[in-house]
Amino acid sequence: MREQYRTTPLLEQDLAPAPMDQFARWFKDAVSAGFHEPNAMVVATATPDGRPSSRMVLLKAYDDRGFVFFTNYTSRKSGEIESNPSVSLLFPWHPLARQITITGTAERTGRDETAAYFRTRPHGSQLGAWASDQSSPIASREELLQRYDALASRYREDEQVPVPPQWGGYRVTPVTVEFWQGHENRLHDRLRYVRGGDGEGAGWRVERLCP
């Protein structure tokens, strides 16, 4: 199970000035390639004593401020973020022999932003956010479905579902953003943006890493 990647080199002069602009370029490529859920990313968190955990979530927004995803605030990931906001994101776009790895800090989005996104979710997904006490033990799948059915009886398709107070978004503000392009003989390109100072307005520098 070994593959030789034959792709175009990723050179410093070809990068966008800022990592979010470069991310937008590669994200557009992933969408154009027809990937299933190109916005799927691995979110890695850790407890204060360094015990890691990771899971796949869906990126729902990105801009110059960072990357946004939504979750249940009672989940394991949220508990770890609240006690240790340092996180890592990974976009594994294997068919293009590309990866993007982000490190940064996560903080909750505002309730207005959360509510605006919640309103765009399908009705069933809105009910699911209420039915699932994410990461908590449950006796059976039947119990979960019973919770959902009770909610479906309460909130019909044409009724507005309130935003669960325990549900919302996180925005990951990047500190480093690495773009990995695979090449033959494992001589991959790894170009990493590093924030030059404190604050959102700080500039970026680019460094090349050995593969």
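Here's a quick rundown of the structure. Since we're looking at a predicted model, the values are computed, not measured. (Residues numbered from 1 in each chain as written. Predicted model: local features only at pLDDT ≥ 70, side-chain atom pairs only at ≥ 80, totals over all residues. Heavy atoms only, no water.)

Some remarks on the overall build of the protein
At step 1: Secondary structure summary: the protein contains 5 helices and 9 strands in total.
At step 2: For the protein, the C-alpha atoms occupy an extent of roughly 55 × 40 × 35 Å along the three principal directions.
At step 3: Sorting the 211 residues of the protein into buried and exposed places 41% on the buried side.
At step 4: In the protein, once contacts between residues fewer than 6 apart in sequence are set aside, the share between residues at least 24 apart is 63%.
At step 5: When the accessible area of the protein is evaluated, it comes to approximately 11800 Å², of which 50% is carbon and sulfur surface.
At step 6: Within the protein, one finds 26 positive and 27 negative side-chain charges whose respective centroids are separated by 3 Å. (Helix = DSSP H or I, 4+ residues; strand = E, 2+ residues; numbered from the N terminus. Buried < 20%, exposed > 50% of the residue type's maximum accessible area, 1.4 Å probe, protein only. Contact = heavy atoms within 4.5 Å. Areas by Shrake-Rupley, 256 points an atom, 1.4 Å probe, with all protein chains shown as cover. Lys, Arg positive; Asp, Glu negative; His and termini not counted. Charge placed at Lys NZ, Arg CZ, Asp CG, Glu CD.)

What about the pattern of salt bridges?
At step 1: Scanning all chains against the criterion turns up 13 salt bridges.
At step 2: The residue Glu 207 makes a salt bridge to Arg 192 at a minimum N-O spacing of 2.4 Å. One end of the pair, Glu 207, is in strand β9 (residues 204–208); the other, Arg 192, is in strand β8 (residues 189–195), with 15 residues separating them in the sequence.
At step 3: Here Glu 207 falls in the partly exposed class, since its relative accessible area comes to 21%.
At step 4: Through salt bridges with shared partners, a single ionic network connects Glu 12, Asp 189 and Arg 208. (Salt bridge = Lys/Arg side-chain N within 4 Å of Asp/Glu carboxyl O.)

With respect to the pairing of strand β1 (residues 40–46)
At step 1: Taking burial as the measure, the 7 residues of β1 include 6 buried ones, the bulk of the element.
At step 2: Here β1 runs beside strand β2 (residues 52–58); their pairing, made up of 7 bridges, is antiparallel. Note that in β2 the partner of Ala 44 across the bridge is Ser 54.
At step 3: Once β1 ends, the chain turns through 5 residues before running back antiparallel as β2, passing Gly 50 with a positive phi of about 95°.
At step 4: Pairing analysis gives 3 bridges linking β1 to strand β5 (residues 86–93), with the strands arranged antiparallel. Pairing of Val 43 across the sheet is with Leu 89, part of β5. (Pairing = 2+ DSSP bridges.)

What to know about the packing of aromatic side chains
At step 1: Here the structure, examined in full by the defined rule, presents 17 aromatic pairs.
At step 2: Across the ring face of Trp 26, the terminal group of Arg 98 is positioned such that the distance to the ring centre comes to 4.2 Å.
At step 3: Across the ring face of Tyr 73, the terminal group of Arg 108 is positioned such that the distance to the ring centre comes to 3.7 Å. (Phe/Tyr/Trp six-rings, centres within 6.5 Å; stacked < 30°, edge-to-face > 60°. Lys NZ or Arg CZ within 6 Å of the ring centre and 35° of its normal.)

Some words on the side chain of Arg 121
At step 1: With respect to the secondary-structure elements, Arg 121 resides in the loop between α3 (111–118) and α4 (123–131).
At step 2: For the buried Arg 121, no salt bridge is present, and the opposite-charge side chain at shortest range is Glu 37, 11 Å distant.
At step 3: Apart from the residues lying within four places of it in its own chain, the contact partners of Arg 121 are Gln 126, Ala 129 and Trp 167.

Notes on the nonpolar core
At step 1: Membership of the largest hydrophobic core comes to 30 residues, with the highest contact counts inside it found for Phe 23, Met 41, Phe 69, Phe 91, Trp 93, Ile 100 and Phe 179.
At step 2: Those elements that provide at least two residues to this core are α1 (19–32), β1, β4 (66–72), β5, β6 (98–108), β7 (167–181) and β8.
At step 3: Ranked by residue count, the leading element in this core is α1, at 5 residues.
At step 4: Beyond its immediate chain neighbours, meaning those up to four positions away, Met 41 contacts Arg 55, Met 56, Val 57, Leu 59, Phe 69, Leu 89, Leu 90 and Phe 91.
At step 5: Grouped together as the second largest cluster of nonpolar side chains are 12 residues, Phe 70, Val 161, Val 163 and Trp 167 included. (Core = buried A, V, L, I, M, F, W, Y, C linked by side-chain atoms within 4.5 Å.)

With respect to helix α2 (residues 76–83)
At step 1: Buried residues of α2: Lys 77, Ser 78, Glu 80 and Ile 81, and no others. Buried residues along α2 cover an arc of 165° about the axis, so they all sit on one side.
At step 2: Residues of α2 that are buried sit in contact with β1, β2, β4, β5, β6 and β7. (Arc of directions from axis to C-beta.)

Here we look at the environment of Val 68
At step 1: Tracing the chain through its elements places Val 68 in strand β4.
At step 2: For Val 68 and Ser 132, which are 64 residues apart along the polypeptide, the C-alpha to C-alpha distance reads 21 Å.
At step 3: Those residues in contact with Val 68, other than ones at most four positions away along the chain, are Leu 58, Leu 59, Lys 60, Ala 61, Thr 109, Glu 113, Tyr 170 and Arg 171.

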